[in-house]
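Breakdown of the fold
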Amino acid sequence: MSRRGRYVLILLVGAIVLLSVLGWLVSLRTNYLWYDSVDYTTVFSTMMWTRIGLFAVFAFAMAAWVGVNLYLAWRFRPDTWPATAEQEGLERYRELISPRAGWWIAGSAVAVGIFAGMSAQSRWETWLLFREGGEFGWEDPVLGVDAGFYIFRLPFWEFLIGFGFAAVVVGILASLGAYYLYGALRFSGSGDRMTNVARIHLSILVALFLGLKAVAYYFDRFNFTVQDNEVTNIVGGGYTEMTALINAKNALIWVSVIAALVILVFSWGFTRSLALPGAALGLVVVTAIAAGGIYPAVVRNFQVEPNRPQREGPYAQHTINGTRYAFDMENLAQETYTVASSPNAEQLETDTGTVPFTRLIDPFIVSDAFTQRQQPRSFYDFNDKLDIDRYTYTNEDGEEVTEDFVVGLRELNPDELTGEQQDWTVRHTVYTHGWGFVAAPTGDNCAGGPFFMNGVMRSDDAEAGQCEATDDFLDVEQPQVYYGLLNNDYAIVGVPEGDTPREYDRPADIAVSTEDSDDPEAEEIGSDRYTTYQGDGGVEIGSITRRLLYAWEFQEPRFLLSDQINEDSQLLYNRNVRDRVEAVAPFLTVESDPYPAVVDGEVVWIVDGYTTTNNFPYSDRVNLAQATNDTYSGSGVANQTSEEINYIRSSVKAVVSAYDGSVELYEFDEEDPILRTWNEIYGGDLVTPKADTPAELAEHFRYAQDLFKVQRNILQRYHVDESRTFIEGGEAWAAPDDPSRGNAVTQPAYYVFAQYPSQEQSYFQLTSTYVPRNRENALASLMSAYYDENGDPQLVLYDVAGGDDQSVGQVHQIITSTTDVAEELRLFQQQGTTVEWGNLLALPVGDGILYMEPMYLRRQSGGEGTTLPLLRRVAVSYGGYVGYAEGFEEAIDSVVEQYVSGAPTAVEEIEEDPDAEGEEPPDEPTDEAPTTEAPVEDPPEVAEAIDNVLTAQQAYEDAQSSGTNEEIGRALDDLFRALDELQAAREAAGE
């Protein structure tokens, strides 16, 4: 290469390095500014200084080690080397290196050290836990070591051992290369193939390797408590590991130490033969194969497999106990819930703890109804899955009422901005936020949809406002939503004092139920209202330096060119609430489904934060993504990362302001050693003590969903507390599939306000069911979790016994197979109307199980092909009787009436009626002569009702083809009314 070419290459490499370093420095500075904006600079500085320190220490250590080995090999190189073809081929490399040997040694050492430092700095969390971690107070039952050793110290010891192995191997390779280059090590020619110095040097390195191997064997013994047991398919060393393999490791420790000593002794010239050192290495290999492979295999196949329950029983019991502790189920309450074969349905009318609070509104389905009915502008949107929370308020009669609500925030969805709204300036400086906390009671069905009691944006026509409250039942001081789940765009906010606001706030021509007219920064321009952000949750970017930084960071030159940025401008970014919590608390696994709440007039997001690890001894593992996956995952609920864990605690309740994005971390589990350690790492005040949690906030805490899902997954096997039964697997359960979905996906757990057996009052609790594994039509157990009066978590399993209760999937099939339901489903299918079933709830009431499943119909709305779900029917099952009506109370009345009258149950009717499956029976040949009797005619009232149904059906079909949305809705209502009249006429006629 010419001199000019070399200069160009050097210039290009230098430019690339400079740009890379500059980009890293810019990101470092902007990250610090963001952490400063949320007052968590301690998190950033601790992380960065720890990473820098680890990089420096381990890079220097590796560089020094490599440099010393290379220097020794160069320093003790032979003065001459044999004139062989092999050595002549290396001459040109010696001539290149020898004049600048020091530079080559230093350069090689630095290059290797940088790679080592980069690897080490990624272990910053491991080091901090090693430095600050303490005790758990729970000991591994076999080795007697506290769990804190496995979680806080063992990972870093293993990293150090791995680093030591890497250093020794690099040292051996570097020394071999240098000795070979200068002739101290030869593979051809006569005489000695290795000089004495090279033999001593390399022997010491090999002995170091064997010494490290002995240390590794020592620590390997602890890994038996966290590795998979091949015999029982659970985590934790079993009989083979804790008898055969642990003895093998002990033997290998001594064999490795002896081999290292033999190599050291004989490397100093007692003999030049490699036979004895080779034999020492061979002894290590043979011992590893025999003691670590053959002997354990013999023990497993000839002692353990023929006697699994006896041999593995004690160790399985260790895993049962450890798993329950690690997954916060040590205080799991298990009760037997005896269900009568024919429970008295009249209990449904007298129950006061569950039935009156049964929710009808499905938070997953009604998201579209929230969007369609509370979306005055197309860029407003609600999350695909809404949330359930409870509030206590004073109703119109002056009574204090506690009620469940479906809640959601009307966020701005930047993906719905169109045309000129997508312009950079408009998108990032005008459309910056959403507006309103919207809530509807879960028990109200208003014309098939929710009855909105908060955050209403009301149009002028009376019909649209018939399902909307005039005044909010909650006072919201700042309804603007800058931080949420749908909008993660950055926003540039702030204008000089006295300037016209430019942030779009809400429509001014739409009536609202929230009084926000006292906002001094708001101004109405035409039919729209504009405002200016008054919070301090952003990064100030008024200076040219800040604008330059973020122009580089976001690769957007308009940060420098736009005249919309001024001295009062702030940049809001990282606006997704999950991302914000993960950033300020990187040690937490964040809940996949945050939920909004109004606390003391402020709209906040509540996010559960979990401490997790995969190193807890004798605790089974679960894949977090698989365990938390259900119908909602990926549709309004984030998917968790696919990682294996065997310890989890709901340790933190994080609260993020929807207005200014501030993040507060409140301690929830006061006993969690991992949280306690991280809090100390970050100065001791990162997390607010549980005792200082505001009471108004604690009222909205609910049992953490992802924790519940993980516990539900674990309890499929670990509800059994006797090792023999556990190993045999005959009592294993499974979480049921969602009966409302055609694909095999787990049914979501559901929040209900209910009073379960042995509870003295109603609690807001999270509930799910189990079916026996490989028998999906039966109900095995109910699982419930809630916070008691003191805010302490309670987890209860109700083992169902006595009755013949079906699983939710079987109940759904029974409901859809009853005559009334099957007929209407056929009719809806003919009309092209989409039927969507809500989540099927199973609730213990009296001495039976109450099943409730709402049925929604979707019709065209908005003229854009979207559909609006309408709650048109409610199906209830209790004691085998099925009630199917427009409302929940009517369905309950139907069940009670059937029970009192002694009518056959739904299953009995299906067994007697061949048409009950909703299909026409096949035509069968008959030898009987055709009858001449006239067919039985329907009574006049029934015939008239049938004609009305046919007329209403035709009107509905005509409206679908040529009518407006309002006409279609009215026609559908008329059709339902005609169907109800037909049902009433048939009942009156005794049909």
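Residues numbered from 1 in each chain as written. Predicted model: local features only at pLDDT ≥ 70, side-chain atom pairs only at ≥ 80, totals over all residues. Heavy atoms only, no water.

**What about the overall build of the chain?**
The following threshold applies: The helix and strand labels rest on DSSP assignments: H or I over at least four residues marks a helix, E over at least two residues marks a strand, and numbering proceeds from the N terminus. When a residue's accessible area, from a 1.4 Å probe over protein chains only, is under 20% of the maximum for its type it is buried; when over 50% it is exposed; and in between it is partly exposed. Any pair of residues with heavy atoms lying within 4.5 Å of one another is described as a contacting pair. Accessibility throughout is a Shrake-Rupley quantity obtained with a 1.4 Å probe, and a residue counts as covered only by protein chains that appear here.
From N to C terminus, the chain includes 27 helices and 35 strands. Counting over 991 residues, the chain shows a buried share of 53%. When contacts within the chain are restricted to residue pairs at least 6 apart in sequence, those whose partners lie at least 24 apart make up 69%. Carbon and sulfur atoms make up 51% of the accessible area of the chain, which amounts to about 44600 Å² in all.

**So, the state of the cysteines**
For the record, the criterion: Cysteine sulfur atoms are paired as a disulfide whenever they come within 2.5 Å of each other.
Tallying each qualifying case throughout the model produces one disulfide. A sulfur-sulfur separation of 2.0 Å characterises the disulfide bridge that pairs Cys446 with Cys467. Disulfide Cys446-Cys467: torsion about the S-S bond near -85 degrees, hence left-handed. With a gap of 21 residues between them, Cys446 in the loop between strand 9 (437-441) and strand 10 (457-458) and Cys467 in the loop between strand 10 and strand 11 (480-481) connect regions that are remote in the sequence.

**Section: helix 18 (residues 673-681)**
Taking burial as the measure, the nine residues of helix 18 include seven buried ones, the bulk of the element. Among all positions of helix 18, only Pro673, Ile674, Leu675, Thr677, Trp678, Asn679 and Ile681 are buried. If you follow the buried residues of helix 18, they end up packed against helix 2 (41-75), helix 5 (124-132), helix 6 (147-181), strand 21 (602-613), strand 24 (647-657) and strand 25 (663-667).

**Structural notes on helix 5**
Of the positions making up helix 5, those classed as buried are Trp124, Thr126, Leu128 and Leu129. Packing partners of the buried residues in helix 5 comprise helix 2, helix 4 (101-121), helix 6 and helix 18.

**Notes on a nonpolar patch on the surface**
What counts is decided by this rule: Residues qualify for a patch when their relative accessible area is over 30% and they have no salt bridge, like charges being joined within 9 Å and the nonpolar side chains of Val, Leu, Ile, Met, Phe, Trp and Tyr within 5 Å. Take a side-chain nitrogen of Lys or Arg and a carboxyl oxygen of Asp or Glu: if they are within 4 Å of each other, that pair is a salt bridge.
A surface patch of nonpolar side chains, about 530 Å² in accessible area, is lined by Leu9, Val13, Val17, Val21, Trp24 and Leu25. Of note, Val21 is situated in helix 1 (residues 3-37).

**Let's talk about the packing of helix 5 against helix 18**
Basically, it comes down to this: Inter-axis angles, ranging from 0 to 180 degrees, are taken between N-to-C directions of lines fitted to C-alpha atoms, where helices are fitted over the stretch in contact. Comment on the angle field: the value is read as roughly parallel under 35 degrees, roughly antiparallel over 145, roughly perpendicular from 65 to 115, and oblique elsewhere.
Packing of helix 5 against helix 18 leaves a shortest axis separation of 10 Å and a crossing angle of 100 degrees. Taken as axis vectors, helix 5 and helix 18 run roughly perpendicular relative to one another. Residues Glu125, Leu128, Leu129 and Glu132 of helix 5 form the contact with helix 18, whose participating residues are Thr677, Trp678, Glu680 and Ile681.

**Concerning the side chain of Asp706**
Applicable threshold: Neither His nor the chain ends is counted toward charge; the positive residues are Lys and Arg and the negative residues Asp and Glu. Pairing of N or O atoms within 3.5 Å defines a polar contact, subject to two protein rules: one partner must be a possible hydrogen donor and the other a possible acceptor, and residues neighboring in sequence count only if both atoms are side-chain atoms.
With respect to the element layout, Asp706 can be found in helix 20 (residues 705-718). Here Asp706 occupies a buried position and makes no salt bridge, while the nearest side chain of opposite charge, Lys709, is found at 4.1 Å. There is a polar contact of 2.7 Å between the side chain of Asp706 and the side chain of Gln640. Discounting chain neighbours no more than four positions away, the residues touching Asp706 are Val590, Glu591, Ser592, Tyr610, Thr628 and Gln640.

**A look at the confidence of the model for the chain**
Let me state the cut-off plainly: Confidence of the predictor at the level of single residues is captured by pLDDT, which takes values from 0 to 100.
Put simply, the chain has an average pLDDT of 86, and 89% of its residues get 70 or more. Contacts for the low-pLDDT stretch residues 916-936, under 50 throughout, to residues beyond four places or in other chains number ten contacts.

**Looking at the sheet that holds strand 16 (residues 528-531)**
Strand pairing in a sheet relies on backbone hydrogen bonds. The paired strands run either parallel or antiparallel. Worth spelling out the cut-off: One bridge is not enough; two strands pair if DSSP finds at least two bridges between them.
Sheet architecture is open: three strands sit in the order 13-16-15, paired in antiparallel fashion. This sheet does not close on itself; its edge strands, each paired only once, are strand 13 (503-507) and strand 15 (523-525). The average undirected angle you get between the axes of adjacent strands in this sheet is 40 degrees.

**Concerning unusual backbone geometry**
Even without being glycine, Asp328 reaches a positive phi, approximately 60 degrees. With respect to the helices, strands and loops of the structure, Asp328 is situated in the loop between helix 10 (308-326) and strand 3 (333-338). Look at Ser758: it is not a glycine, yet its phi comes out positive at around 70 degrees. Mapped onto the fold, Ser758 is located in the loop between strand 27 (750-754) and strand 28 (763-772). Using a relative accessible area of 56% as the deciding quantity, one classes Ser758 as exposed.

**A short note on the pairing of strand 16**
Alternating residues of strand 16 divide into Asp528 and Tyr530 and Arg529 and Thr531, and every residue in both groups is buried. In the sheet, strand 13 pairs with strand 16 via four bridges, with the strands oriented antiparallel. Considered in strand 16, the bridge of Tyr504 is made with Tyr530. Across three bridges, strand 15 lies against strand 16 in antiparallel orientation. In the strand pairing of strand 16, Ile525 is matched with Asp528. Joining the antiparallel neighbours strand 15 and strand 16 is a turn of two residues, in which Gly526 adopts a positive phi near 70 degrees.

**Comments concerning the packing of aromatic side chains**
Rule in force here: Any two of the Phe, Tyr and Trp rings considered here, Trp counted by its six-membered ring, make a pair once their centres fall within 6.5 Å; the pair's planes then place it as stacked at under 30 degrees, edge-to-face at over 60, or tilted in between. By definition, being over a ring means that NZ of Lys or CZ of Arg is both within 6 Å of the ring centre and within 35 degrees of the ring normal.
Per the counting criterion, the structure on display carries 66 aromatic pairs. Arranged with centres 5.5 Å apart and planes meeting at 85 degrees, the rings of Phe370 and Phe382 form a pair that is edge-to-face. Here the residue Phe370 occupies a position in helix 12 (residues 367-373), and Phe382 occupies one in the loop between strand 4 (380-381) and strand 5 (387-394), the gap between them amounting to twelve residues. The pair Phe370 / Phe382 is uniform in exposure class, with both members buried. Ring centres of Tyr718 and Phe726 lie 4.8 Å apart, and the angle between their planes is 45 degrees; this geometry places the pair in the tilted category. Like Phe726, Tyr718 is buried. An aromatic cluster is defined as three or more aromatic residues linked by ring pairs; in this entry it consists of Phe58, Trp127, Phe130, Phe149, Tyr150, Phe156, Trp157, Phe159, Phe163, Tyr218, Phe219 and Phe222. Stacked on the ring of Tyr239, the Lys or Arg Arg311 has its end atom at 4.8 Å from the ring centre. The aromatic ring of Tyr325 is capped on one face by Arg649, whose charged end is 5.2 Å from the ring centroid.

**Quick word on the packing of helix 6 against helix 7 (residues 196-223)**
Short version of the rule: Each crossing gets its hand from how the near helix is turned against the far one by less than a right angle, where anticlockwise is left-handed and clockwise is right-handed. When residue character is reported, Ala, Val, Leu, Ile, Met, Phe, Trp, Tyr, Cys and Pro are called nonpolar, Asp, Glu, Lys and Arg charged, and the others, Gly included, polar.
It is the contact of helix 6 with helix 7, at a shortest axis distance of 10 Å, that shows an interaxial angle of 160 degrees. On the basis of their axis angle, the class for helix 6 and helix 7 is roughly antiparallel. Crossing of helix 6 over helix 7 shows left-handed handedness. Class assignment for the residues of the contact of helix 6 with helix 7 results in 23 nonpolar, five polar and two charged.

**Concerning a negative patch on the surface**
Short version of the rule: Here the site of a charge means NZ on Lys, CZ on Arg, CG on Asp, or CD on Glu.
Together, Glu346, Glu349, Glu886, Glu889, Glu890, Asp893 and Glu897 line one region of the surface with negative charge. Counting residues per element, the negative patch draws most heavily on helix 24 (residues 888-901), which supplies four residues. Inspection of the secondary structure puts Glu890 in helix 24. Here Glu890 falls in the partly exposed class, since its relative accessible area comes to 42%.

**Describing the pattern of salt bridges**
For side chains bearing opposite charge, pairing can occur when the charged atoms are close. A complete count under the given rule lists 24 salt bridges for this structure. Across the salt bridge formed by Arg131 and Glu132, the nearest N and O atoms sit 3.2 Å from each other. In this structure Arg131 comes out as partly exposed when scored by relative accessible area, which is 43%. One salt-bridge network, in which partners are shared between bridges, spans Asp368, Arg741, Glu836 and Arg858.

**Thoughts on the side chain of Ser651**
Within the secondary structure, Ser651 is located in strand 24. At 2.7 Å, the side chain of Ser651 and the side chain of Asp672 are in polar contact. Residues contacting Ser651, with those up to four places away along its chain left out, are Gly609, Thr611, Tyr666, Glu667, Phe668, Asp669, Asp672 and Leu675.

**Re the environment of Ser807**
For Ser807, the position within the fold is in the loop between strand 30 (793-801) and helix 22 (808-817). Ser807 sits in the buried class, given a relative accessible area of 2%. Residues contacting Ser807, with those up to four places away along its chain left out, are Val771, Glu776, Asn777, Ala778 and Leu779.

**Brief notes about the sheet that holds strand 12 (residues 491-493)**
The three strands lie next to each other as 12-18-17, forming an open sheet whose pairing is antiparallel. A strand with exactly one partner marks an edge of an open sheet, and here the two such strands are strand 12 and strand 17 (539-540). With two bridges joining them, strand 17 and strand 18 (residues 570-572) adopt antiparallel strand pairing. Its bridge partner being in strand 18, Glu540 is matched across the sheet by Gln570.

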